[in-house]
Amino acid sequence: MSIFLLPIVRIRVALLMCALSFLPVPVTRLYAQSDKPAQETEKTTAGDKAAANKPDADKGELPPLPLEARVQQSMELDGKKLQYTVTVGALPVRNKDGKVTGEVVVTSYTMPGNERPVTFALNGGPGASSVYLNFGAIGPKHLQFGNEGDSPSDPTVLADNQGTWLDFTDLVFIDPIGTGFSRAKVSEDEAKKLFYSTEPDIEYLSRIMYDWLVKNDRLESRKYLVGESYGGFRGPRITYDLQSELGVAMNGVVLVSPYLNPTIEQNGDLSPIPWMITLPSITAANLERQNKLTPEAMQEVIAYTEGEYATTLIKGRADQAATDRMIARVTEMTGLDPEFVKYSGGRLDTRAYLREVHREQGKLGSVYDSNVTSFDPFPYAPEQEANDPILASIIAPLTTAMVDFLTRTVGWKVDARYNALSYDVAQEWDRDADLRKGSVPQLRQAVAADSKLRVMIVHGWDDLSCPFMGSVLSVNQMPVMGDPTRVSVHEYPGGHMFYTRETSRIALRKDVMEMYSRH
C-alpha cells in the first residue's frame, strides 16, 4: 500500500504521493526480543491457556495475545506439491530498560531444508499490515482483489498462488505496531514517540528480524528483504541498520512500488521533474486501454519524457512552438481531451487527471491504478470527495480472509480487531525531517558496503502513487559501484499492486528467482 493513506481524499492526492511537511522529534532506540525459548512447544494445558489469556482486571489491560500456533499445509505449484508449516506468534518489543512496550505479530511460512534462504516482508502505509504482500503477491495462498470489477462483497476464496516465492525461500511477514494484530503496550503519546516516527520504526523492525533469526536458528541462512511502498522506504534503511548496527547482512532486497525519494516531485512551477514522473504512468494507462502497452512502447515514452518533454518544459515561454508541439504530443500519448491538456500546459496534475480520465462514464480512476475505477458519488464537487476506488474495495476482503485464516485455519484465536489498514497510525505518524530525506542515501551506502548485495526495484506502469519514473531517475543518478546490474528497475503491467494481476505476479516471481540464484 502507498504511503500516508488518509481517510479524507479531498486533501490533495499529492499528499498520497509524498508531498508532505515534516517536523523533527527526538528518538529513542528500542529493542525487540523474544522472551520464549526457541524450543517452546506447540501444546499447552487448558489451564495454561486460560491463565495466559486472562486479562489483568486491576490494571485494565487487554488480554494477552495467544501463544504461538502452527499448522501444516500444502499447495500445488507447477504440478508439484509443496508441504509447508505456517507459524503465527508475537515477538515483544522492549525499551532499553527491558520493559515490554509493544508486541509484533509475525506470520511465517517455512519448509524443510538446511540451505533455504529466508525473506522478510513488510508493507507500508504507514499503517498497513503485511496482508497485501502475503495474500496478494508472494505467499502460498492468493486472494483476488484490487482489479477492475472486483467487489468488496465477493467471496474470500484463497487459492494456491502460482506466483509464490515459497518454493525457493521461507517467508516471514511482519505487521508493524498498530497494524494487523500488532499493538503498543504503552500510552498513545508514548506509542507515537516509540513507534510512529522514522528512526524508531526502522530500529525496532530491524531488531524484530534479528530476533526471529536468533529464535529460529537462522542467522547462517541467506537473508532477503521485500518491502512495498513505505515498506520500500523502510527497505534500504533496515538493510543498512542491520548491516551496520545489528551485524546482520542481507543478500538481497526487493523494493515493490517503493517510496524512495520524497522530494523528487517538489517545485513543479519550475522543475520539469514532477511532470516527468507522472506522464509515463498516465501514458501507460492509455496504452493499456488500447491494448498497445508493451515494453517497446514504454521505452519510447521514457525516451520522450527524458528528452524533448523535459527540455520543452525547461524552456517554457521562451519557445512557444516547442510548447505547442509538446502539448499536441502529450494529447496523443494520453488520449485526454485536447482542451484539458492545453489548459494544463502539458503538465498533468494527478488529482485532476483521475477525475478527468473517466468523467464521461461518471467514474473516478484510482491513484494506485487509474484503469481501476468506481462511480463518483460527488461528480459536481470542486474536488474529489469520495475515497480512492481501490482503497474503498480491498479492506473488507483482505481483513475477512486474514482473520479467518489466522483464527480458524491456523487456530491462533485472538480477541482483538485486525487492522489491514490503520488510519489512526497514518494520522499519528510523525512526518519528521528524517523521513523527508528519503532512503536513497541508505540504499547507496548499503550497496557500497557490500559488493555482493543485489537490489531489485519493481513497479507497475500504471501507478501514480509511487510512479516508476521516480525510481528510474533516482537509480540513474547513483554511481555504478561495480556491476551495474546490482541495482535494477523492472516494470510490469498493472498499478501500485501490479501483483494482483496473475501474469505480472508470475513475471515478478521469475525475475526474483533469477536474482536469488546469483547468491
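Small disclaimer: the values here were computed from a predicted structure and weren't measured.

**Q** Go over the nonpolar core with me, naming the residues and quoting the values.
**A** Counting 95 residues, the largest nonpolar core has Tyr109, Tyr132, Phe135, Trp165, Val254, Tyr309 and Tyr499 as its most contacted members. The residues contacting Phe135, other than those within four sequence positions of it, are Tyr109, Lys141, His142, Leu143, Phe145, Leu158, Leu398, Ala401, Met402 and Phe405.

**Q** Got a sec to walk through the pattern of salt bridges? Specific residues and values, please.
**A** With the rule as written, the count across this model stands at 24 salt bridges. Measuring nitrogen to oxygen at the nearest pair gives 2.9 Å for the salt bridge that ties Arg237 to Asp434. Residue Arg237 is found in helix H5 (residues 230-246), and its partner Asp434 is found in helix H13 (residues 433-436); the two are separated by 197 residues along the sequence. A salt bridge links Arg501 to Glu288, with the nearest nitrogen and oxygen atoms 2.5 Å apart. Separated by 213 residues along the polypeptide, Arg501 in the loop between strand S15 (487-492) and helix H16 (502-516) and Glu288 in helix H6 (residues 273-289) bring together distant segments of the chain. Given a relative accessible area of 22%, Arg501 falls into the partly exposed group. Within this structure, Glu288, Asp369, Asp462 and Arg501 form a network of salt bridges that share partners.

**Q** Quick rundown of helix H3 (residues 188-195)? Include the residues and the values.
**A** Those residues of H3 lying buried are Ala191, Leu194 and Phe195. Along H3, the residues classed as buried sweep out an arc of 75° about the axis, all on the same side. Packing partners of the buried residues in H3 comprise strand S3 (80-94), strand S4 (100-110), strand S9 (183-184) and helix H4 (198-215).

**Q** Tell me about the pairing of S4, and name the residues and values.
**A** On a regular strand, one side chain projects to one face of the sheet and the next to the other, so that they alternate. Of all eleven residues that make up S4, ten are buried, and the element is covered over most of its length. Bridge analysis of S3 against S4 gives ten bridges, and the strand direction is antiparallel. Across the sheet, residue Ala90 finds its bridge partner in S4, namely Val105. When S4 meets strand S8 (residues 170-175), the two strands line up antiparallel, connected through five bridges. Bridged to Tyr109 within S8 is Leu171.

**Q** Mind laying out the environment of Leu293, listing which residues take part and the relevant values?
**A** Inspection of the secondary structure puts Leu293 in the loop between H6 and helix H7 (295-315). A residue is classified by how much of its surface remains accessible, and Leu293, at 18% relative accessible area, is buried. Considered as a pair, Leu293 and Pro493 are 200 residues apart in the sequence and their alpha carbons are 7.9 Å apart. Those residues in contact with Leu293 that sit more than four places away from it in its chain are Ala284, Leu287, Glu288, Met298, Trp461 and Pro493.

**Q** Please set out the packing of aromatic side chains residue by residue, giving values where relevant.
**A** Scanning the entire structure with this criterion turns up 19 aromatic pairs. Seen from their ring centres, Trp165 and Tyr516 are 6.3 Å apart, and the 70° between their planes marks the pair as edge-to-face. You can see Trp165 sitting in the loop between strand S7 (158-160) and S8 and its partner Tyr516 sitting in helix H16, a full 351 residues away along the chain. In this structure, Trp165 and Tyr516 share a single accessibility class: buried. Ring plane angle 10° and centroid distance 3.7 Å describe the contact between Tyr224 and Tyr516, whose orientation is recorded as stacked. Of this pair, Tyr224 sits in strand S10 (residues 223-228) while Tyr516 sits in helix H16, placing them 292 residues apart in sequence. The pair formed by Tyr224 and Tyr516 is uniform in burial state, with each residue classed as buried. Taken together through their ring pairs, the aromatic side chains of Tyr196, Tyr230, Phe233, Tyr259 and Trp429 make up a single cluster. Over the face of the ring belonging to Tyr304 we find Arg329, whose NZ or CZ atom lies 4.2 Å from the ring centre. Geometry around Phe375 places Lys363 over its ring, the cationic atom sitting 4.9 Å from the centre.

Thresholds applied
Residues numbered from 1 in each chain as written. Predicted model: local features only at pLDDT ≥ 70, side-chain atom pairs only at ≥ 80, totals over all residues. Heavy atoms only, no water. Core = buried A, V, L, I, M, F, W, Y, C linked by side-chain atoms within 4.5 Å. Buried < 20%, exposed > 50% of the residue type's maximum accessible area, 1.4 Å probe, protein only. Contact = heavy atoms within 4.5 Å. Salt bridge = Lys/Arg side-chain N within 4 Å of Asp/Glu carboxyl O. Helix = DSSP H or I, 4+ residues; strand = E, 2+ residues; numbered from the N terminus. Arc of directions from axis to C-beta. Pairing = 2+ DSSP bridges. Phe/Tyr/Trp six-rings, centres within 6.5 Å; stacked < 30°, edge-to-face > 60°. Lys NZ or Arg CZ within 6 Å of the ring centre and 35° of its normal.

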